[in-house]
Amino acid sequence: AWAWAAYEPDAERPWSLRLAGHLFRRAAFGADWSKPQEALADGPKSSVEKLLEPHADVAAFNSQQDALEGSASADKLRAWWLRRMITTPHPLLEKMTLFWHDHFATSNAKVNNSALMQKHVQLLRSHALGRFEPLLQDVSRDPAMLLWLDANTNRKSRPNDTLARNMMERFSMGLGSYSEEDV
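What counts, and at which threshold
- Residues numbered from 1 in each chain as written.
- Predicted model: local features only at pLDDT ≥ 70, side-chain atom pairs only at ≥ 80, totals over all residues.
- Heavy atoms only, no water.
- Helix = DSSP H or I, 4+ residues; strand = E, 2+ residues; numbered from the N terminus.
- Buried < 20%, exposed > 50% of the residue type's maximum accessible area, 1.4 Å probe, protein only.
- pLDDT = per-residue confidence, 0-100.
- Arc of directions from axis to C-beta.
- Core = buried A, V, L, I, M, F, W, Y, C linked by side-chain atoms within 4.5 Å.
- Contact = heavy atoms within 4.5 Å.
- Phe/Tyr/Trp six-rings, centres within 6.5 Å; stacked < 30°, edge-to-face > 60°.
- Lys NZ or Arg CZ within 6 Å of the ring centre and 35° of its normal.
- Axes fitted to C-alpha atoms, helices over the stretch in contact; angles between N-to-C directions.
- Parallel < 35°, antiparallel > 145°, perpendicular 65-115°, else oblique.
- Left-handed = near helix turned anticlockwise from the far one by under 90°.
- Nonpolar A, V, L, I, M, F, W, Y, C, P; charged D, E, K, R; others polar.

Remarks on unusual backbone geometry
- With phi around 55°, Asn 112 is a residue other than glycine that occupies positive phi space.
- When you line up the elements, Asn 112 lands in the loop between helix 7 (108–111) and helix 8 (114–127).
- One non-glycine residue, Asp 150, lies in positive phi territory at about 60°.
- Positionally, Asp 150 belongs in the loop between helix 10 (143–148) and helix 11 (162–169).
- With a relative accessible area of 25%, Asp 150 lands in the partly exposed category.

As structure tokens, then:
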């Protein structure tokens, strides 16, 4: 029960710079020295709230960052996303976007369309802190994911079950939780 209880600082476990740093390593990509210092002064509850709902001008940041052209190369796309992860005022959102990109693994090596890959990342970002079901539904219709899972080879006379099998087995329910009839 202790491990699942909300953290409340007390004499045995006071809020400290070490715990503030741990928060930024877990919920962000680390932080410069000023962030854990600020979190130490703000306290744990306020620090977590700031990570969940940043007060910085995220809209202005997004409009600057989203200027990447749809025809950009894969290298430019990777550089854009890395820059975004480093400079974002909302690091938890970027960390969760990266988490979902790892879960719904795709790659431009097979998709071969950087614009579709950028839209895929944007889709993951739009659902990164939300519920899983809407994310799964949108990912199952995402053009980059459809190419990644060979849905473009699907024909009425020869259905390709790769998309359905991956959506059920790898991305949601797990092995043995569905039947061949479901596929």
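Topic: the confidence of the model for the protein chain
- Per-residue confidence for the protein chain averages 90 on the pLDDT scale, and 96% of its residues sit at or above 70.
- Mean pLDDT values for the elements of the protein chain range from 74 in helix 4 (residues 58–65) up to 97 in helix 9 (residues 132–139).

Re helix 9
- Inspection of helix 9 places Leu 135, Leu 136 and Val 139 among the buried residues, and these make up the whole buried set. Angularly, the buried residues of helix 9 cover 95° about the axis, an arc narrow enough to put them on a single face.

Considering the nonpolar core
- Formed by 14 residues in total, the largest nonpolar core has its most connected members in Phe 104, Leu 124, Leu 135, Val 139, Met 145, Met 167 and Phe 171.
- Among the secondary structure elements, those contributing two or more residues to this core are helix 6 (91–103), helix 8, helix 9 and helix 11.
- In terms of residue count, the dominant contributor to this core is helix 9 (three residues).
- Those residues in contact with Leu 135 that lie beyond four places of it in its chain are Trp 100, Phe 104, Leu 123, Leu 124 and His 127.

So, the environment of Met 96
- Here Met 96 lies in helix 6.
- Between the C-alpha atom of Met 96 and that of His 127, which follows or precedes it by 31 residues, the distance is 9.2 Å.
- Beyond its immediate sequence surroundings of up to four residues, Met 96 is in contact with Ala 128 and Leu 129.

So, the packing of aromatic side chains
- Inspection of the entire model under this criterion finds six aromatic pairs.
- Judged by centre distance (5.6 Å) and plane angle (35°), the rings of Trp 100 and Phe 132 are tilted. Here Trp 100, found in helix 6, pairs with Phe 132, found in helix 9; they are 32 residues apart in sequence, far enough to count as distant.
- A relative accessible area of 30% means that Phe 132 is categorised as partly exposed.
- Between Phe 104 and Phe 132 the ring centres are 6.2 Å apart and the planes differ by 15°, which places this aromatic pair in the stacked class. With Phe 104 in the loop between helix 6 and helix 7 and Phe 132 in helix 9, the pair connects residues that are 28 residues apart, well separated along the chain.
- Linked through ring pairs, Phe 99, Trp 100, Phe 104, Phe 132 and Phe 171 together constitute an aromatic cluster.
- Above the plane of the ring of Trp 148 lies Lys 110, whose end atom (NZ or CZ) is 5.7 Å from the centre.

Notes on the packing of helix 1 (residues 17–27) against helix 2 (residues 34–42)
- At their nearest, the axes of helix 1 and helix 2 sit 9 Å apart, and the two run at 120° to each other. The pairing of helix 1 with helix 2 is recorded here as oblique in orientation. The handedness of the crossing between helix 1 and helix 2 is right-handed. Across from Leu 17, Ala 20, Gly 21 and Phe 24 in helix 1, the residues of helix 2 making contact are Lys 35, Pro 36, Gln 37, Ala 39 and Leu 40.
- Class assignment of the residues belonging to the contact of helix 1 with helix 2 gives a composition of six nonpolar, two polar and one charged.

Some remarks on the packing of helix 2 against helix 3 (residues 44–52)
- Axis separation between helix 2 and helix 3 bottoms out at 6 Å; the angle between their running directions is 130°. By the angle class used here, helix 2 and helix 3 are oblique. Judged by the twist between their axes, the crossing of helix 2 over helix 3 is right-handed. On the side of helix 2, the interface is formed by Glu 38, Ala 39 and Asp 42, while helix 3 contributes Ser 46, Ser 47 and Lys 50.
- When grouped by side-chain class, the residues that make up the contact of helix 2 with helix 3 number one nonpolar, two polar and three charged.

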